[in-house]
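Results of the structural survey
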Amino acid sequence: MKELIRTGDPVFISYLTHRLSEAGIESFGMDAHMQRSLGILPQRIMVVDEDYDEAQRILDQVRREG
(Lines give C-alpha, C1' and ligand atoms only; values in the text may rest on other atoms or scores of the structure.)
Protein backbone atom coordinates (compact mmCIF):
# COMPACT_ATOMS: atom_id res chain seq x y z
CA MET A 1 0.00 0.00 0.00
CA LYS A 2 1.06 3.54 -0.70
CA GLU A 3 -0.06 6.83 0.77
CA LEU A 4 -1.83 8.90 -1.86
CA ILE A 5 -2.53 11.99 0.24
CA ARG A 6 -2.68 13.24 3.79
CA THR A 7 -5.25 15.94 4.54
CA GLY A 8 -7.56 17.16 7.25
CA ASP A 9 -10.25 18.32 4.82
CA PRO A 10 -13.18 15.88 5.18
CA VAL A 11 -15.00 17.26 2.11
CA PHE A 12 -11.92 16.77 -0.08
CA ILE A 13 -11.46 13.25 1.29
CA SER A 14 -15.07 12.36 0.55
CA TYR A 15 -14.92 13.72 -3.00
CA LEU A 16 -11.56 12.10 -3.74
CA THR A 17 -12.64 8.68 -2.48
CA HIS A 18 -15.81 9.00 -4.57
CA ARG A 19 -13.79 9.77 -7.71
CA LEU A 20 -11.40 6.90 -6.98
CA SER A 21 -14.34 4.55 -6.51
CA GLU A 22 -15.83 5.64 -9.84
CA ALA A 23 -12.54 4.60 -11.47
CA GLY A 24 -12.67 1.22 -9.74
CA ILE A 25 -9.90 2.07 -7.28
CA GLU A 26 -10.44 1.01 -3.71
CA SER A 27 -9.02 3.46 -1.20
CA PHE A 28 -8.47 3.06 2.51
CA GLY A 29 -8.78 5.89 5.00
CA MET A 30 -6.23 5.69 7.79
CA ASP A 31 -6.41 7.72 10.99
CA ALA A 32 -10.10 8.47 10.44
CA HIS A 33 -11.02 7.88 14.07
CA MET A 34 -8.27 10.17 15.28
CA GLN A 35 -9.45 12.84 12.83
CA ARG A 36 -12.98 12.77 14.17
CA SER A 37 -12.11 12.66 17.84
CA LEU A 38 -9.43 15.34 17.88
CA GLY A 39 -10.16 17.25 14.70
CA ILE A 40 -6.50 18.18 14.27
CA LEU A 41 -4.77 15.17 12.73
CA PRO A 42 -4.80 14.65 8.98
CA GLN A 43 -6.29 11.52 7.52
CA ARG A 44 -4.23 9.42 5.11
CA ILE A 45 -5.76 7.97 1.98
CA MET A 46 -4.01 4.77 0.94
CA VAL A 47 -4.25 2.75 -2.28
CA VAL A 48 -2.70 -0.53 -3.34
CA ASP A 49 0.59 -0.22 -5.19
CA GLU A 50 -0.88 -1.34 -8.52
CA ASP A 51 -3.47 1.49 -8.46
CA TYR A 52 -1.13 4.23 -7.28
CA ASP A 53 -0.29 5.82 -10.65
CA GLU A 54 -3.93 6.00 -11.75
CA ALA A 55 -4.97 7.26 -8.31
CA GLN A 56 -2.31 9.97 -8.51
CA ARG A 57 -3.68 11.04 -11.90
CA ILE A 58 -7.18 11.31 -10.41
CA LEU A 59 -5.84 13.24 -7.42
CA ASP A 60 -4.17 15.71 -9.78
CA GLN A 61 -7.45 16.16 -11.67
CA VAL A 62 -9.39 16.73 -8.46
CA ARG A 63 -6.85 19.34 -7.31
CA ARG A 64 -7.14 21.19 -10.65
CA GLU A 65 -10.95 21.21 -10.33
CA GLY A 66 -10.75 22.75 -6.85
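The sections below set out a description of the structure shown in this document.

What counts and what doesn't
- Residues numbered from 1 in each chain as written.
- Predicted model: local features only at pLDDT ≥ 70, side-chain atom pairs only at ≥ 80, totals over all residues.
- Heavy atoms only, no water.
- Pairing = 2+ DSSP bridges.
- Helix = DSSP H or I, 4+ residues; strand = E, 2+ residues; numbered from the N terminus.
- Axes fitted to C-alpha atoms, helices over the stretch in contact; angles between N-to-C directions.
- Salt bridge = Lys/Arg side-chain N within 4 Å of Asp/Glu carboxyl O.
- Buried < 20%, exposed > 50% of the residue type's maximum accessible area, 1.4 Å probe, protein only.
- Contact = heavy atoms within 4.5 Å.
- Parallel < 35°, antiparallel > 145°, perpendicular 65-115°, else oblique.
- Left-handed = near helix turned anticlockwise from the far one by under 90°.
- Nonpolar A, V, L, I, M, F, W, Y, C, P; charged D, E, K, R; others polar.

This part takes up the sheet that holds strand β3 (residues 43-47). The sheet built from 3 strands is open, its strands ordered β1-β3-β2 with antiparallel pairing. Whereas interior strands pair on both sides, the edge strands pair on one side only; in this sheet they are β1 (2-7) and β2 (27-30). Between one strand axis and the next, the sheet turns through 25° on average, direction left out of account. The pairing of β2 with β3 spans 4 bridges and is classified as antiparallel.

The next thing to look at is the pattern of salt bridges. Under the definition given, this model contains 3 salt bridges. Between Arg 19 and Glu 65 there is a salt bridge, and its shortest N-O distance comes to 2.7 Å. Placement of the pair is Arg 19 in helix α1 (residues 10-22) and Glu 65 in helix α3 (residues 52-65), with a sequence separation of 46 residues. The residue Glu 54 makes a salt bridge to Arg 57 at a minimum N-O spacing of 2.3 Å.

Its relative accessible area of 15% is what places Arg 19 among the buried residues. In this structure Arg 19 touches Ile 58, Gln 61, Val 62 and Glu 65, once residues within four positions along its chain are discounted.

For the pair α1 and α3, the least separation of the axes is 10 Å and the interaxial angle reads 130°. Relative to α3, the element α1 lies oblique. As for how α1 packs across α3, the hand of that crossing is right-handed. Together, Phe 12, Tyr 15, Leu 16, Arg 19 and Leu 20 of α1 and Ala 55, Ile 58, Leu 59, Gln 61, Val 62, Arg 63 and Glu 65 of α3 make up the contact between the two elements. Counted by class, the contact of α1 with α3 contains 8 nonpolar, 1 polar and 3 charged residues.

Read these as geometric descriptors, not functional statements.
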